[in-house]
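These are the residues of each chain, in order.
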Amino acid sequence: MKHVIALDVGGTGMKAALLAQDGSVLSEARRPTGREQGTDAVVAAILDFAADLADEGRARFGCAPLAAGVAVPGTIDEKNGIAVFSANLGWRDLPLRKLLGERLGGLPVALGHDVRSGGLAEGRIGAGRGVDRFLFVALGTGIAGAIGIGGRIEAGAHGYGGEIGHVVVRPGGPACGCGARGCLETLASASAVSRAWAAASGDPEADAAACAVAVEAGDERAAAVWQNAVDALADGIVLAQSLLDPSTVIVGGGLAEAGDTLFTPLRSAVSKRLTFQMPPQVVPAMLRDTAASLGAGLLAWDLLSMEVTA
Ligand SMILES: [Zn+2]
């Protein structure tokens, strides 16, 4: 059976799959990234994992994979296949596409950004299936996003498109890692909610998931912390709605695991803020932590279809 290699390199773990052309998963595997052993070891682990996946494909399906897609965090030069910078994984200007192509015997390789790859998968085979224009927002340690238009992700002129986490929603607010103040991710990321709930509850171990449980139990302090995050997130989404007019906003990441505890007040906060804008559907992401890996596989298939039409 025709298949491609799909690989998502995260800060702590790698998720991989062999993917059929319709996006269905033929096999899955996970390995640690091993970043505690240094950047060279991480790169070696990526190349070894890809080579083992190619062997597995040959053994199971009697033919080599047709291409490989790999999604990585940080700053990416997709056009030239360079992993420009990752604070987490320590590399700078790593020619990852070339290295993978060489290791895989000249196989075509697509390099993608992890969140944009995740957004691509949500848009094609996840919560945005059949939707032409969507915004994907991932609420994790930070907040990242991806703009989906006509079956692809708009990365912008410099590869920074979709960075909704750094839209300023509270001027003069908390300091952000990017150097600005009051960015959305300082108020509505899972980490921000964890920090706020730890301070409000007096329990330094309290996190966002515990805050959601306390909200459901009727705790007023938790409700205030939660609403603060929901209001900031609604401000960010409405700004995006005014600029991009997506039909669907797909919300994923750790904080979205709270389900209706997040989505019910969020939909209400968004609709209250709209004036002339058409309301988007605000829906939970479907693919969870496999989105970026699936998206990397879709990028690999896209690469092949471009070669056929070129
Ligand atoms: Zn920022």
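What you see is a predicted model, and the numbers here were worked out from it, not measured in a lab.

Scoring rules and cut-offs
- Residues numbered from 1 in each chain as written.
- Predicted model: local features only at pLDDT ≥ 70, side-chain atom pairs only at ≥ 80, totals over all residues.
- Heavy atoms only, no water.
- Helix = DSSP H or I, 4+ residues; strand = E, 2+ residues; numbered from the N terminus.
- Rg over C-alpha atoms; globule rule 2.2 N^0.38 Å.
- Buried < 20%, exposed > 50% of the residue type's maximum accessible area, 1.4 Å probe, protein only.
- Contact = heavy atoms within 4.5 Å.
- Lys, Arg positive; Asp, Glu negative; His and termini not counted.
- Charge placed at Lys NZ, Arg CZ, Asp CG, Glu CD.
- Donors = N, O, S within 2.8 Å, 3.2 Å for Na, K, Ca; no water.
- Tetrahedral: all angles 85-135°; square planar, octahedral: opposite > 155°, others 65-115°.
- Axes fitted to C-alpha atoms, helices over the stretch in contact; angles between N-to-C directions.
- Parallel < 35°, antiparallel > 145°, perpendicular 65-115°, else oblique.
- Left-handed = near helix turned anticlockwise from the far one by under 90°.
- Nonpolar A, V, L, I, M, F, W, Y, C, P; charged D, E, K, R; others polar.
- Expected span 1.5 Å × (residues − 1).
- Pairing = 2+ DSSP bridges.
- Salt bridge = Lys/Arg side-chain N within 4 Å of Asp/Glu carboxyl O.

**Quick notes on the overall build of the protein chain**
- Looking only at helices and strands, the protein chain has nine helices and 13 strands in total.
- Against the compact-globule benchmark of 19 Å for 310 residues, the protein chain has a radius of gyration of 20 Å, which places it among compact chains.
- When the backbone C-alpha atoms are referred to their principal axes, the protein chain occupies close to 60 × 45 × 35 Å.
- The burial tally for the protein chain puts 51% of its 310 residues in the buried class.
- Partitioning the contacts of the protein chain with sequence separation of at least 6, the portion at a separation of at least 24 is 61%.
- Computed over 25 positive and 33 negative side-chain charges, the inter-centroid distance for the protein chain is 3 Å.

**Notes on the coordination of the zinc ion**
- Surrounding the zinc ion are the protein donor atoms H166 (ND1), C176 (SG), C178 (SG) and C183 (SG), at 2.0 to 2.4 Å.
- Around the zinc ion sit four donor atoms; with metal-centred angles ranging over 104 to 122°, the donor geometry is tetrahedral.
- Considered as a linear motif, the donors of the zinc ion on their single chain read H-x9-C-x1-C-x4-C. Of this pair, H166 sits in the loop between β11 (152-154) and α4 (185-188) while C176 is found in the loop between β11 and α4, placing the two residues 10 residues apart along the sequence.
- Using a relative accessible area of 29% as the deciding quantity, one classes H166 as partly exposed.

**Observations concerning the packing of helix α5 (residues 190-201) against helix α7 (residues 220-244)**
- Remark: α5 packs on α7, axes separated minimally by 10 Å, with the N-to-C direction vectors making an angle of 155°. Classed by the angle they form, the pair α5 and α7 counts as roughly antiparallel. The element α5 and its partner α7 pack so that their crossing is right-handed. Across the interface between the two elements, V193, A196, W197, A200 and S201 from α5 touch R221, A222, V225, W226 and A229 from α7.
- Residue classes in the contact of α5 with α7 are distributed as eight nonpolar, one polar and one charged.

**Description of helix α1 (residues 39-61)**
- With 23 residues, α1 ought to run about 33 Å at 1.5 Å a step, and its terminal C-alpha atoms sit 33 Å apart, in line with that.
- Turning to α1, its buried residues are V42, V43, I46, L47, F49, A50, A51, L53, A54 and G57.
- Taken from the residues just after α1, G62 is the one with a positive phi, measuring 70°.

**What to know about the sheet that holds strand β10 (residues 143-149)**
- Spatially, β11-β10-β9-β12-β13 is the arrangement adopted by the five strands of the open sheet, whose pairing is mixed. Looking at strand neighbours, the two that pair on one side only are β11 and β13 (281-284), the edges of this open sheet. Ignoring which end each strand starts from, the neighbouring axes of this sheet average 30° apart.
- With four bridges connecting them, strand β12 (residues 248-252) and β13 associate as parallel partners.

**Brief notes about the pattern of salt bridges**
- If you walk through the whole model with that rule in mind, you get 16 salt bridges.
- The salt bridge involving K15 is made with D8; its shortest N-O contact spans 3.7 Å. By the burial criterion, K15 is buried, and D8 matches it.
- D132 is the partner of R133 in a salt bridge, and the nearest nitrogen-oxygen pair spans 3.8 Å.
- Via salt bridges that share partners, R170, D231, D235 and R273 belong to a single interconnected network.

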